[in-house]
Amino acid sequence: MKFEHIQALMRKNESLAEQYILPENYIIVRLDGKGFTKLTKEKLSLEKPFDEKFSEVMTATTKHLFNIGFKVLYGYTQSDEISLLIHKDDDTFGRKVRKFNSVLAGEASAFFSLQFQEVCVFDCRTLAFPNQEMLLDYFCWRQEDAHRNSLSTYCYWTLRNNGFNAAQATEKIGKLSQADKNELLFQYGINYNTLPSWQKRGIGIYNTEVSKAGFNPVTQEKVDCLRNELFVEKELMIREDYRMFLKGIFEK
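Note that the structure is a prediction, hence the values are computed from the model and not measured.

Definitions and cut-offs
- Residues numbered from 1 in each chain as written.
- Predicted model: local features only at pLDDT ≥ 70, side-chain atom pairs only at ≥ 80, totals over all residues.
- Heavy atoms only, no water.
- Axes fitted to C-alpha atoms, helices over the stretch in contact; angles between N-to-C directions.
- Helix = DSSP H or I, 4+ residues; strand = E, 2+ residues; numbered from the N terminus.
- Parallel < 35°, antiparallel > 145°, perpendicular 65-115°, else oblique.
- Left-handed = near helix turned anticlockwise from the far one by under 90°.
- Contact = heavy atoms within 4.5 Å.
- Nonpolar A, V, L, I, M, F, W, Y, C, P; charged D, E, K, R; others polar.
- 1 Å grid on protein atoms, 1.4 Å probe; cavity = no way out; pocket = protein on both sides within 12 Å on 5 of 7 lines; lining within 4 Å.
- Points joined across faces, edges and corners; volume = space filled by probe spheres on them.

Caption draft 1: Focus on the packing of helix 3 (residues 52-65) against helix 4 (residues 97-116). Following both chains from N to C, one finds helix 3 and helix 4 inclined at 140°, their axes separated by 10 Å at the closest point. Here helix 3 is positioned oblique relative to helix 4, judged by the angle of their axes. For the pair helix 3 and helix 4, the crossing hand works out as right-handed. Mapping the contact onto sequence places K53, F54, V57, M58, A60, T61, H64 and L65 in helix 3 and L104, E107, A108, F111, F112, Q115 and F116 in helix 4. Taken together, the residues that form the contact of helix 3 with helix 4 break down as ten nonpolar, three polar and two charged.

Caption draft 2: Just the layout of surface pockets, in detail. Counted as a void, the largest pocket has a volume near 840 Å³. If you go around the largest pocket, you meet 32 residues; those closest to its centre are P49, F50, S79, D80 and T153. Across the lining of the largest pocket, the residue classes break down as eleven nonpolar, eleven polar and ten charged. Roughly 270 Å³ of volume is contained in the second largest pocket. Among the elements of the structure, helix 5 (132-160) and helix 8 (197-201) are those that each provide at least two residues to the lining of the second largest pocket. Considering each element in turn, the lining of the second largest pocket owes the most residues, four residues, to helix 5. For the lining of the second largest pocket, the per-class residue count stands at three nonpolar, four polar and four charged.

Caption draft 3: Seen up close, the packing of helix 5 against helix 6 (residues 166-174). Between helix 5 and helix 6, whose axes approach to 9 Å, the crossing angle comes to 140°. The orientation of helix 5 relative to helix 6 falls into the category oblique. Relative to helix 6, helix 5 is oriented so that their crossing is right-handed. In this structure, helix 5 uses S152, C155, Y156, L159 and R160 to contact helix 6, whose residues at the interface are A166, A169, T170, K172 and I173. Its residues assigned to classes, the contact of helix 5 with helix 6 shows six nonpolar, two polar and two charged.

Caption draft 4: Representation of the environment of F70. Relative to the helices and strands, F70 is located in the loop between helix 3 and strand 2 (72-78). Put simply, F70 and L85 are 15 residues apart on the chain and 9.9 Å apart in space, counted from C-alpha to C-alpha. If we ignore the near neighbours within four places in the chain, the residues touching F70 are I86, D90, T92, F93, F100, V103 and L104.

What follows is the structure, encoded as structure tokens:
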């Protein structure tokens, strides 16, 4: 078979396997650390239950993904997870799902690995959302997931630090309601409500206009310039206030 015929057949097979995000749909990409439980236990020296450097690297990785060619409107990170909202008009890579997944996972994995000098891998999934309400539901869902995981994590390490082994701590937490978990921490002198917000609700990242002092070489005068900068919000609001905060970002 001639090369041209083989190439045409291979290209046809590739095209039949392609998935695309349809026009006018917003795109959400979620990245998760692959094997990060083992990584953080065996290779990285981290504080428990939350490590500030790890969070800073996750934030830096999220910021990096704003600058690799996609029209990212909002980034959210909690634990070893990153969610990105990409503009519905973004036509990067013809909106091919495999390209979104491979490029974003590769960029995140490479950037994160360089920060810790260890091989760290992210997986990636790309989702389509037809309207703003579903976007708001998605990010509120991820924030509530962060809260539930954070509360359980604090309970687990509090028990571990007070004589429970891993199996005992896991079994005890599994039987507790949200209110019971708060009460457990309170019994050990921890008020969950006063813990750092980024540990409980995650971190939001978005572009905002800031005024910068500049200089006009023609008029020889100082001037104020508006520039876009990435802003890191470590004090995210919750529930309906969070929805209103997100709507303000999405509608800009």
